[in-house]
Each structure stands twice: as structure tokens, then as C-alpha cells.
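Here is how the chains run, residue by residue.
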Amino acid sequence: MSDHETDSEESYQTDDSDINFIPGYIMECPDLGSSDDGSSLEDDNAGLAYADEPLADDEWLQNYNRQERERLELQEKLERRLDGSVEMSEWCNCGNCDISLLTNNRECHCCFELEGCGEAMNREEVIQDLKAEGVQNAKCVTQHPGFNSVCLQKWSLKMAADRYKTKDKSKYSQTSTENSFLRSISYREFTRLIYGPLGNRRIPLPACAYIAIRNTFPIMEKEGQFTGYSDDSD
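Just so it is clear, the model here is predicted, and its values are computed rather than measured.

S.K.: Is there a simple way to think about the overall build of the protein in this case?
M.R.: When helices and strands are counted, the protein shows eight helices and zero strands. Each of the 234 residues in the protein was classed as buried or not, and the buried ones make up 38%. Within the protein, contacts between residues at least 6 apart in sequence are counted, and of these 74% link residues at least 24 apart. Accessible area of the protein: about 14,100 Å², with a carbon and sulfur share of 46%.

Now the structure itself:
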């Protein structure tokens, strides 16, 4: 495992990732013609490797441009949340979000906005357990009956660490502070609790979950600051 804590198993992609590529289409290129400079036939035909692929039409381009606009608009909206330009009351509906311990805009989602969190809280078993605890109309995913025991208990997290491996298939082990190690496992345990196993897929947690986990396992003196969510973390 890297020296920093990492997040769950799928995420928004960065600008230079393949989110900007839509499979099945290529952009139309002009005919390069034949070469008169003695270059090889292989070089001449290099631009024809995808000649049989469908060309991008107006509908595809409109769809691509729409998706790109939506991505940029979302990025701008989340950034305004992180820098405080947008009041917390305008985007947090669960009452437990806070930006004080968040590190980047991808962490600025309320659990109310994430479909998976809503589905998890509406499972019959969850509803019945909440009723048994006297909780009616739970408003936050951190009220999930398994959240405290699965995500915030030190020894539960230490036992769970054995099921995770780093990208190079190494066993998870503590290489930095204990709290950093526990946070990294807690993020993954939250994902399993809410979404189930995701394999190599990665997603950021909602702000309320980050706050609860980081308050329980705070930064130690030699850590400096939270590493935060990253697509490239182990």
C-alpha cells in the first residue's frame, strides 16, 4: 500500500483519461494519399488502421459535446462547493456534510445525491434494523445500522484489511501512521457496505462519510494533511 490513505474503488476520471473517448467511433480524417518520398507502404497506410470503423456523425458529435459540457459544469459546481462559494445548506440535505476536512472537489457530494446511498438505505433489512433502533426516516447514510461497526471500529477495520490488496497485488499493511492505515480500509469498507464488491471500479464517498471517518481517525502530527481522493491511489 502507498504511504497515504486511499478511497473507494471507482471514480470520476481526470481530463486526460479515457472518459473523453466514446468507443465505437473515430473522427473523420482527410485522405492522406500515397507517398512520393520513399516511405514504406506500412507508413502510408498507418492512418487507415481504423478505415472500417464508423465515422462520427452529427448526432454523435452533439452527444459528445453535451456530455463534455455536463462534465465541466459538474466540475465547476463541485469546486464552488469546496471553496465555500455555495452555501452548505444549498447542497447538503443530510445535515452531516462539512467541507473542513475535504481535500478536493470530488469529495463534495451529499449522500442524498448519490443513487447508491439511497438504494442502500431503502433496503428492507436496513429499514427493519433502523426501526429496531428507534430510527424513523433516516436522513443520512452514516445512520446505516452497519456504518459505525463496519467503518469506524478499529479492530473491525484491522480484521478487514486482509481482504484488500494494492494494485501490485501486495497484501495491505501499515506503512505510515495507524490512523492513515485505518482510514484507507474504512473508505473501502464503506464502499462494500453500500455498493457491494466493485472489483477495480472506484468511486468517491459522500462528504458526510469522509467527515465521520476523518474525525474518528484524524491526521497525526507527522502526516501533515489528508491525502484525499485520487484515481491513481492503491
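S.K.: What is the right way to read the pattern of salt bridges from this model?
M.R.: For side chains bearing opposite charge, pairing can occur when the charged atoms are close. By the definition in use, this model includes seven salt bridges. Across the salt bridge formed by K154 and E178, the nearest N and O atoms sit 3.5 Å from each other. Residue K154 is located in helix α6 (residues 154-160), and its partner E178 is located in helix α7 (residues 178-195); the two are separated by 24 residues in the primary sequence. The class for K154 is partly exposed, based on a relative accessible area of 32%. In this structure, R163 and E189 form a salt bridge, with 2.7 Å as the shortest nitrogen-oxygen distance. Here the residue R163 occupies a position in the loop between α6 and α7, and E189 occupies one in helix α7, the gap between them amounting to 26 residues. For R163, a relative accessible area of 45% gives the class partly exposed. Each member of the salt-bridge network shares a partner with another, and the members are K154, K158 and E178.

S.K.: For this particular structure, what's the right way to read the state of the cysteines?
M.R.: By definition, a disulfide is the covalent link that joins the sulfur atoms of two cysteine residues. For the structure shown, the criterion picks out zero disulfides. The cysteine C108 is free of any disulfide, with C97 supplying the nearest cysteine sulfur at 9.0 Å. In this structure C111 is not part of a disulfide, and its nearest cysteine sulfur, from C208, lies 3.8 Å away. You can call C111 buried: its relative accessible area is 5%.

S.K.: Would you take a moment to explain the packing of α7 against helix α8 (residues 207-216) for this structure?
M.R.: Relative placement of two packed helices is described by the angle separating their axes and the distance separating the axes. Remark: α7 packs on α8, axes separated minimally by 10 Å, with the N-to-C direction vectors making an angle of 145 degrees. Pair α7 / α8 crosses with right-handed handedness. Between α7, through R183, S186, Y187 and F190, and α8, the contact on the second element is made entirely by A209, Y210, I213 and R214. Of the residues assigned to the contact of α7 with α8, the class counts are five nonpolar, one polar and two charged.

S.K.: Explain the environment of C140 here, please?
M.R.: Within the fold, C140 resides in the loop between α4 (124-132) and α5 (147-151). Each C-alpha atom, one on C140 and one on C97, is 9.5 Å from the other, the two residues being 43 residues apart in sequence. Apart from the residues within four sequence positions on either side, C140 is in contact with C94, N96, C111, M121 and C208.

S.K.: Explain α8 to me, please; I cannot follow it from the model alone.
M.R.: What sets the pattern is the α-helix's 3.6 residues per turn: residues three or four places apart point alike. For α8, the tally of buried residues reaches eight of 10 residues, placing the bulk of the element in the interior. Looking at the buried side of α8, the elements it contacts are α5 and α7.

S.K.: Please explain the side chain of H144 as it appears in this structure.
M.R.: Mapped onto the elements, H144 comes out in the loop between α4 and α5. Among all residues touching H144, those that are not within four sequence positions of it are A120, M121, V126, L193 and I194.

S.K.: Help me understand the packing of aromatic side chains, please; the structure alone is not making it clear to me.
M.R.: The relation between two aromatic rings is expressed through the spacing of the ring centres and the mutual angle of the planes. One pass over the full model with this rule turns up three aromatic pairs. Look at F147 and F190: their rings are 6.1 Å apart centre to centre, the planes differ by 85 degrees, and that puts the pair in the edge-to-face class. Note that F147 is positioned in helix α5 and F190 in helix α7, a separation of 43 residues in sequence. Overall, F147 belongs to the buried group, its relative accessible area being 1%. Given the relative accessible area of 0%, F190 is considered buried. On the numbers, 5.4 Å between centres and 70 degrees between planes, the contact of Y187 with Y210 is edge-to-face. With Y187 in helix α7 and Y210 in helix α8, this residue pair connects regions lying 23 residues apart in the sequence. The residues Y187 and Y210 share a single accessibility class, namely buried. Positioned above the aromatic ring of W155, the side-chain terminus of K158 is 5.6 Å from the ring centre.

Criteria and thresholds
Residues numbered from 1 in each chain as written. Predicted model: local features only at pLDDT ≥ 70, side-chain atom pairs only at ≥ 80, totals over all residues. Heavy atoms only, no water. Helix = DSSP H or I, 4+ residues; strand = E, 2+ residues; numbered from the N terminus. Buried < 20%, exposed > 50% of the residue type's maximum accessible area, 1.4 Å probe, protein only. Contact = heavy atoms within 4.5 Å. Areas by Shrake-Rupley, 256 points an atom, 1.4 Å probe, with all protein chains shown as cover. Salt bridge = Lys/Arg side-chain N within 4 Å of Asp/Glu carboxyl O. Disulfide = S-S within 2.5 Å. Axes fitted to C-alpha atoms, helices over the stretch in contact; angles between N-to-C directions. Left-handed = near helix turned anticlockwise from the far one by under 90°. Nonpolar A, V, L, I, M, F, W, Y, C, P; charged D, E, K, R; others polar. Phe/Tyr/Trp six-rings, centres within 6.5 Å; stacked < 30°, edge-to-face > 60°. Lys NZ or Arg CZ within 6 Å of the ring centre and 35° of its normal.

As far as function goes, none of this settles anything; it's purely spatial.
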